[in-house]
Amino acid sequence: MTPSPSPSPAAAPSRSPSSSPAPGRLRRALGLPSLRGHGRFVTGNLVDSLGSGMLLPLGLLYFTTARDLSVSAVGAAVTIGQLAALPVVFLAGRFMDRRGPRRVTVVANVVSAVGFLSFLVAAHPWQIACAYLLVQSGVNAYYTAQRTLITRATAAGEARAWFAFTGSLRNVGLGLGAGLAAGMLGLFGTDALGGLVASAAPLYLLAAVCFARVPLGPPAPKEETGGGQATNSGNEAPRTRVHRTRVRRSGGDGAGHYLLLVACNVPFVLAQSMLSVLIALYATRSLGLAAWTASLLLVLNTVMVSLLTSPLTAHVAPAQRRHAVALGYALLAASMPVFAAPALNSPGIPAWPALLVAMVLFSLAEIFYSPAMNELSVTLTPSAARGSRQSLYQLSWALGGITAPALFTLLLDAGALWPWIVQGAACLLALAAVPALRTPTPPGPDEAGADKPDPDEPGPVRNPTSDPTTSPRTAQ
């Protein structure tokens, strides 16, 4: 006789909790996006950051030791090369609009590989400048396209989870690369620098191969010239008229709104540069601490960002993007007086506890701010994910990274408190501007819907309950 179907449902619950749902529950507890089918994308991100961790901090050391050049000559060559690479963000944006973010990412990694290989033959300052022009061009192009690539390569509703995960992954890769380079230098001294340069280039080529094979979802529908969205509705005229009215209020095609986002990002870019530019000088010159103080603080930051970004983004961060950005800036502003406290010459403020507390606040600010701001950078306006907008956003990172060394060293020379005062004030200004970063509501079928206040829709980022099997889409 045919077996009764009733035992099957009865048996399923006894096995299901301990087998199939367990990985899904663990993934959701850790705040991770669904990784199924994204092996090449994850590998490309990890390999790219591994190469960056190995070589980017060692360029000055390599050229001053292997080429016997002065620090000032190498520093000037590096700065010239990085400045010359600034226009690449706009070229990469235009290329991305025509060919898509995947091709830009592939080309960027190939250019970085060629740039690092050119280190092996660069012997004069002008050649070093050319080598850094190639390396920085690759870096600028990669980050111009990366955020849009994430929205095209991943599933709907998981954008912020993927921004959090790739940020953690990048910190892991940078840490592993830096650790590998430190181990090689510890074993073989500066003789290992040439080998590190030669071995990093294939990593970038491997990343290019991985990204070239990443499947993408369709791009977002193109907007009208005036900033409106194309529609096939029969009542197109009144909807378009309402939307054009709102576009005029927001400033053309949303460029002014997006420029506000770019301006709000600059204080965070400068704060990130503090880790490599200011902390070591402040700890040793102003506080009289050991030189390894900055390294320990950097390790603390790397560990926190690597381990906590995904779970805190999924379970603790505000659902609305601009609220998460505001929380990040509030924590960042709070960390500045704590960093400055040991320099007040007060015997009641020990340096080490203050620096540790300040770095914890600083790291939490990065954890809450980065995924939300990256997602906001591709969703703030209908054209935010296009290359023309992403090039502006990346320009804030490129200019901030170039400006920070001169700015913070000048402020530190003026007094130990000034870098923290200026940076804290900049964070408070950005915090005051964040509420204006509201995602425009798309035009609805009636005029009343078009004028409703913006809900700043975050999308279902928190704790996705199923593994998407449909093709990925672009963030709207």
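Procedures and definitions
- Residue positions within a chain follow its written sequence, with the count starting from 1.
- Owing to the predicted nature of the model, reporting of local features is limited to residues with pLDDT of at least 70; listing and counting of side-chain atom pairs is limited to 80 or more, with chain, interface and lining totals taken over all residues.
- Think of the side-chain values as coming from all heavy atoms in the structure, minus any hydrogens and water.
- Helix and strand assignments follow DSSP, with helices taken as H or I runs no shorter than four residues and strands as E runs no shorter than two, numbered in order from the N terminus.
- Throughout, exposure labels follow a simple rule: accessible area from a 1.4 Å probe, protein chains only, divided by the maximum for the residue type, with under 20% read as buried, over 50% as exposed, and the rest as partly exposed.
- Note on contacts: a residue pair is in contact if any heavy atoms of the two residues lie within 4.5 Å.
- Using a 1.4 Å probe, the Shrake-Rupley method yields the accessible areas, and only the shown protein chains count as cover for residues.
- In this analysis, axes come from line fits to C-alpha atoms, helices being fitted only over the stretch in contact, and the angle between any two N-to-C directions falls in the range 0 to 180 degrees.
- Roughly parallel here means an angle under 35 degrees, roughly antiparallel means over 145, roughly perpendicular means 65 to 115, and every remaining angle is called oblique.
- Rotating anticlockwise by less than a right angle from the far helix to the near helix defines a left-handed crossing, while the corresponding clockwise rotation defines a right-handed one.
- Each residue receives one of three labels: charged for Asp, Glu, Lys and Arg, nonpolar for Ala, Val, Leu, Ile, Met, Phe, Trp, Tyr, Cys and Pro, and polar for the others, Gly being one of them.
- Here a polar contact is recorded for every N or O atom pair within 3.5 Å, except that within protein the pair must consist of a potential hydrogen donor and a potential acceptor, and residues adjacent in sequence are included only if both atoms are side-chain atoms.
- Every case where a carboxyl oxygen of Asp or Glu lies within 4 Å of a side-chain nitrogen of Lys or Arg is listed as a salt bridge.
- Like charges within 9 Å and nonpolar side chains (Val, Leu, Ile, Met, Phe, Trp, Tyr) within 5 Å are joined into patches, using only residues over 30% in relative accessible area that form no salt bridge.
- Every helix has an expected span of 1.5 Å times one less than the residues it contains.
- Bend, in this description, refers to the angle at a residue between axes fitted to the seven residues ending there and the seven starting there.
- For Phe, Tyr and Trp, where Trp contributes only its six-membered ring, two rings pair if their centres lie within 6.5 Å, and the inter-plane angle classes them as stacked under 30 degrees, edge-to-face over 60, or tilted in between.
- Under this rule, positive means Lys or Arg and negative means Asp or Glu; His and the chain ends count for nothing.
- Think of each charge as sitting on NZ of Lys, CZ of Arg, CG of Asp or CD of Glu.
- As used here, the term nonpolar core means buried Ala, Val, Leu, Ile, Met, Phe, Trp, Tyr and Cys residues forming a set that is joined through side-chain atoms within 4.5 Å.

## Considerations on the overall build of the protein
So, step 1. From N to C terminus, the protein includes 19 helices and zero strands.
So, step 2. The buried share of the protein, taken over its 476 residues, is 48%.
So, step 3. In the protein, the proportion of contacts linking residues at least 24 apart, taken out of those at least 6 apart, comes to 84%.
So, step 4. Total accessible area on the protein is roughly 21400 Å²; 67% of this is exposed by carbon and sulfur atoms.

## Thoughts on the packing of helix α15 (residues 321-340) against helix α18 (residues 418-433)
So, step 1. Remark: α15 packs on α18, axes separated minimally by 9 Å, with the N-to-C direction vectors making an angle of 165°. Put simply, α15 runs roughly antiparallel to α18. With respect to the hand of their crossing, α15 and α18 are arranged in left-handed fashion. Judged by residue contacts, Ala326, Tyr329, Ala330, Leu332, Ala333, Met336, Phe339 and Ala340 of α15 engage Trp420, Gln423, Gly424, Cys427, Leu428, Ala430 and Leu431 from α18.
So, step 2. Split into classes, the residues belonging to the contact of α15 with α18 amount to 13 nonpolar, two polar and no charged.

## A look at the environment of asparagine 374
So, step 1. Inspection of the secondary structure puts asparagine 374 in helix α16 (residues 351-377).
So, step 2. In this structure asparagine 374 comes out as buried when scored by relative accessible area, which is 17%.
So, step 3. The sequence separation of asparagine 374 and tyrosine 393 amounts to 19 residues, and the corresponding C-alpha distance is 9.4 Å.
So, step 4. Polar side-chain contacts of asparagine 374 include one of 3.5 Å to the side chain of tyrosine 393.

## A short note on the pattern of salt bridges
Where charged atoms from two side chains of opposite charge approach closely, those side chains can pair.
So, step 1. Under the counting rule described, the total for this entry stands at five salt bridges.
So, step 2. Its salt-bridge partner being aspartate 97, residue arginine 386 comes within 3.9 Å of it at the nearest N-O pair. One end of the pair, arginine 386, is in the loop between α16 and α17 (387-414); the other, aspartate 97, is in helix α6 (residues 88-99), with 289 residues separating them in the sequence.
So, step 3. Taking the relative accessible area as the measure of exposure, arginine 386 reaches 31% and is therefore partly exposed.
So, step 4. Here glutamate 375 and arginine 321 are joined by a salt bridge, their closest N and O atoms 3.5 Å apart. Taken together, the residues span a long stretch of sequence, with glutamate 375 in helix α16 and arginine 321 in helix α15 at a distance of 54 residues. Summarising the burial analysis for this pair, glutamate 375 and arginine 321 share the class buried.

## A look at a nonpolar patch on the surface
So, step 1. Nonpolar side chains collect at one region of the surface, where Val110, Val114, Leu134 and Leu205 lie side by side and expose about 280 Å² of accessible area between them.
So, step 2. Tracing the sequence through the fold places valine 110 in helix α7 (residues 101-118).

## Topic: unusual backbone geometry
So, step 1. A positive phi angle, close to 55°, is found at aspartate 68, a residue other than glycine.
So, step 2. Mapping aspartate 68 onto the fold places it in the loop between α4 (59-66) and α5 (71-84).
So, step 3. Aspartate 68 gets classed as exposed once you look at its relative accessible area, which sits at 68%.

## Considerations on α17
So, step 1. With 28 residues, α17 extends 40 Å from end C-alpha to end C-alpha; this agrees with the ideal 40 Å at 1.5 Å per step.
So, step 2. Of all the bends found along α17, the most pronounced is centred on alanine 404 and spans about 40°, while proline 405, a proline, follows it within four residues.
So, step 3. Looking one or two residues past α17, glycine 415 carries a phi angle of roughly 160°, positive in sign.

## Examining the packing of aromatic side chains
So, step 1. Tallied over the full model, the rule gives 19 aromatic pairs.
So, step 2. Aromatic side chains phenylalanine 63 and phenylalanine 119 sit 4.9 Å apart centroid to centroid with 55° between the ring planes, which places their arrangement in the tilted category. Placement of the pair is phenylalanine 63 in helix α4 and phenylalanine 119 in the loop between α7 and α8 (125-153), with a sequence separation of 56 residues.
So, step 3. Residue phenylalanine 63 is classed as buried on the basis of its relative accessible area, which comes to 0%.

## Brief notes about α18
So, step 1. Its 16 residues place the ends of α18 23 Å apart at the C-alpha level, agreeing with the 22 Å of an ideal helix rising 1.5 Å per residue.
So, step 2. In this structure, the buried side of α18 is in contact with α12 (255-277), α13 (279-286), α15 and α17.

## Remarks on a positive patch on the surface
So, step 1. A cluster of basic residues, Arg94, Arg98, Arg99, Arg102 and Arg103, forms a positive patch at the surface.
So, step 2. Put simply, the parts of the chain that give the positive patch at least two residues each are α6 and α7.
So, step 3. Of all the elements, α6 adds the most residues to the positive patch, at three residues.
So, step 4. Within the secondary structure, arginine 103 sits in helix α7.

## Some thoughts on the environment of arginine 170
So, step 1. Assignment of secondary structure puts arginine 170 in helix α9 (residues 159-188).
So, step 2. Every residue in contact with arginine 170, bar those within four places of it in the chain, is listed here: Asp48, Ser49, Ser52 and Tyr143.

## Quick word on the nonpolar core
So, step 1. Judged by nonpolar contacts, the single largest core of 57 residues is most densely connected at Tyr329, Leu332, Met373 and Trp420.
So, step 2. The set of elements that each furnish at least two residues to this core consists of α12, α13, α14 (293-315), α15, α16, α17 and α18.
So, step 3. Per-element accounting of this core gives the leading share, 13 residues, to α16.
So, step 4. Discounting chain neighbours no more than four positions away, the residues touching tyrosine 329 are Cys264, Asn265, Pro267, Phe268, Tyr369, Cys427, Ala430, Leu431 and Val434.
So, step 5. Grouped together as the second largest cluster of nonpolar side chains are 52 residues, Leu55, Val104, Leu149 and Trp162 included.

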